[in-house]
Amino acid sequence: MSAAPPVFLGSEVVEKHLHRASLLIPSLEAALANFSSGAEGGVVQPMRTVVPVQKYSGFLGVMPAYSAKDDALTTKLVTFYEHKKDSSVPSHQAIVLLFDPRNGSLKAFLMPADSEVLCILGAGVQAYSHYEVFTEQFSFKEVRIWNRTKENAVKFARSVKGPPVQVCSSAQDAVTGADVIITVTMATTPILFGEWIKPGAHINAVGASRPDWRELNDEVMKNSVLYVDSREAALNESGDVILSRAEIFAELGEVVKGTKPALREKTTVFKSLGMAIEDTVAAKFVYDSWSAGN
Ligand SMILES: NC(=O)C1=CN([C@@H]2O[C@H](COP(=O)(O)OP(=O)(O)OC[C@H]3O[C@@H](n4cnc5c(N)ncnc54)[C@H](OP(=O)(O)O)[C@@H]3O)[C@@H](O)[C@H]2O)C=CC1
Ligand SMILES: O=C([O-])C1=[NH+]CCC1
C-alpha cells in the first residue's frame, strides 16, 4: 500500500486548530517531563544543528525529535535573520515536517503565587504569544512593555486583546518592581541588568539563542536560580549561560516531574532556547485536530 500524499497545513489552518496557544500547555508539560526522564521518557532529541549564513547575518536551525509516548516524529527547519527595518520578511521563518513514525512517510507540513506586574521587553512575534499565554493563565494587575523601537511597543499596546498594556520609555522603568519579566528580543548584548530586578522576581529569557549573544547581564545570571529547557543545549547554545558561567539548577521537565523544586520565593531565570520536542507535540496536536475534522 502506498503512503497517502503529505498535506500542507498553512498558518491559517494551524491558527484555526491551535486558536489559543495555551491549548498546548498539557502536552508541553508532558513533553518537558519526558525529555528530562532519560531513556524512560522515550524522547530522542539530538542537539539541533545551526548553520550560520554569515554573508547575510542569518542562521538555519535543523531541529529533529521523536516522542515514543506521543508516537510523533518531526523535524523543524527554522531560519532566523537579523531583521532589517525596511523588510517585510519576518526575522524567523519555520516549517515543521511531521512524519508517520511507523514507516517514515511524510504526513504533513506545518507553518508556523501572586504576581501583580508583568513586564515584556521586546514587541515582536514572541512578545504577542507570551502576552497571550501569560495574561490568560495569570491575573496581573499591571502589564508593561518596553521595546527598542517605541512605535512597535505602542502598536503592541493598541492591538492586543486583553488587559491594558503600559508602554515604558526605558527598559529600566519597565522592569522596576516587576514580578515577572519576559525578554523576547533579538539583542546580542544585555538589555536586562541585575540592579533593576526586584528580589524574588521571575525572568523568562527567550531570546539570545547563540553562544555569543546575551539578553541578561552576569549579575542577573549569577544572582538567580537558573532553570533551562535542556542542560545540554544551554551549555552549547546560550550565551547568557555559557559566558556568565552561571550554575544550572534544573531542567523545567524535572520541575514538572517533581524531582526538582520550583523555588518561587527566590529570584529565578528560565532560560529557554526552544526544543524540537515542543514542535513535535504541537505539530501532532494540530494534525490530529485537522484530520479529525474539528
Ligand atoms: N526560546 C524559544 O523557544 C524561542 C526563542 N526565539 C527567540 O526569541 C526572540 C524574539 O523572537 P521574535 O519575537 O520572533 O522576533 P521578532 O523579529 O518578531 O522581534 C524581535 C524583537 O527584538 C527587538 N530587537 C531586535 N534587535 C534588538 C536589539 N539589538 N536590542 C533590543 N531589542 C532588539 C525588536 O525590536 P524593534 O521593534 O526595535 O525591531 C523586536 O521587538 C529572538 O531572539 C528569537 O530567536 C524565537 C522562537 C522560539
Ligand atoms: O526554537 C526555535 O525555533 C528557535 N529558537 C531560537 C531561534 C529559533
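Residues numbered from 1 in each chain as written. Chains lettered and ligands numbered in written order. Predicted model: local features only at pLDDT ≥ 70, side-chain atom pairs only at ≥ 80, totals over all residues. Heavy atoms only, no water.

Participant: It is not clear to me how the environment of Gln126 should be interpreted in this structure. Could you clarify?
Facilitator: Here Gln126 shows up in helix H3 (residues 125-137). Taking the relative accessible area as the measure of exposure, Gln126 reaches 39% and is therefore partly exposed. Gln126 sits 69 residues away from Glu195 along the chain, and the two C-alpha atoms are 25 Å apart. In this structure, Gln126 is in contact with Val184 and Val206, ignoring residues within four places of it in sequence. (Helix = DSSP H or I, 4+ residues; strand = E, 2+ residues; numbered from the N terminus. Buried < 20%, exposed > 50% of the residue type's maximum accessible area, 1.4 Å probe, protein only. Contact = heavy atoms within 4.5 Å.)

Participant: Would you explain the site of ligand 1 in this entry?
Facilitator: Taken together, 22 residues lie around ligand 1, and Ser91, His92, Asn147, Thr149 and Asn152 are the ones closest in. Note that an oxygen atom of ligand 1 is positioned 2.4 Å from one of the side-chain N or O atoms of Ser91. Between ligand 1 and Gln126, the relevant distance is 2.8 Å, taken from an oxygen atom to a main-chain nitrogen or oxygen of the residue. (Near = heavy atom within 4 Å. Polar contact = N/O pair within 3.5 Å; in protein donor to acceptor, adjacent residues only side chain to side chain.)

Participant: Looking at this structure, how should I read the sheet that holds strand E13 (residues 225-228)?
Facilitator: What holds strands together in a sheet is hydrogen bonding between their backbones, with the strands either parallel or antiparallel. With parallel pairing, the eight strands of this open sheet are ordered in space as E10-E9-E8-E11-E12-E15-E13-E14. The two strands at the open ends of the sheet, each matched to only one other strand, are strand E10 (165-167) and strand E14 (248-251). Here the strands of the sheet are splayed against their neighbours by 20 degrees on average, with no regard to which way each runs. Lying on the sheet, H3 is in contact with strand E8 (117-121), strand E9 (142-146), E10, strand E11 (180-183) and strand E12 (202-205); it crosses E8 at an angle near 165 degrees. (Pairing = 2+ DSSP bridges. Axes fitted to C-alpha atoms, helices over the stretch in contact; angles between N-to-C directions.)

Participant: Help me understand the state of the cysteines in this model?
Facilitator: What makes a disulfide is a covalent bond joining the sulfur atoms belonging to two cysteines. Inspection of every chain in the model, using the stated rule, returns zero disulfides. You can see Cys119 has no disulfide; the closest cysteine sulfur is in Cys168, sitting 6.9 Å from it. For Cys119, a relative accessible area of 0% puts it in the buried group. Take Cys168: its relative accessible area is 8%, and that puts it in the buried class. (Disulfide = S-S within 2.5 Å.)

Participant: Could you clarify how one ought to interpret the site of ligand 2 in this entry?
Facilitator: Around ligand 2 sit Arg48, Met63, Lys76, Val78, Phe80, His92, Ser209, Leu273 and Gly274, and that is every residue in its neighbourhood. Between Arg48 and ligand 2, the recorded distance is 3.4 Å, taken from a side-chain N or O atom to an oxygen atom. One of the side-chain nitrogen or oxygen atoms of Lys76 is found 2.7 Å away from an oxygen atom of ligand 2. Against a free-state accessible area of 250 Å², the protein chains account for coverage of 83% of ligand 2. Of all the elements, strand E5 (residues 72-81) adds the most residues to the shell around ligand 2, at three residues. Residues of the shell around ligand 2, tallied by class, amount to four nonpolar, three polar and two charged. (Areas by Shrake-Rupley, 256 points an atom, 1.4 Å probe, with all protein chains shown as cover. Nonpolar A, V, L, I, M, F, W, Y, C, P; charged D, E, K, R; others polar.)

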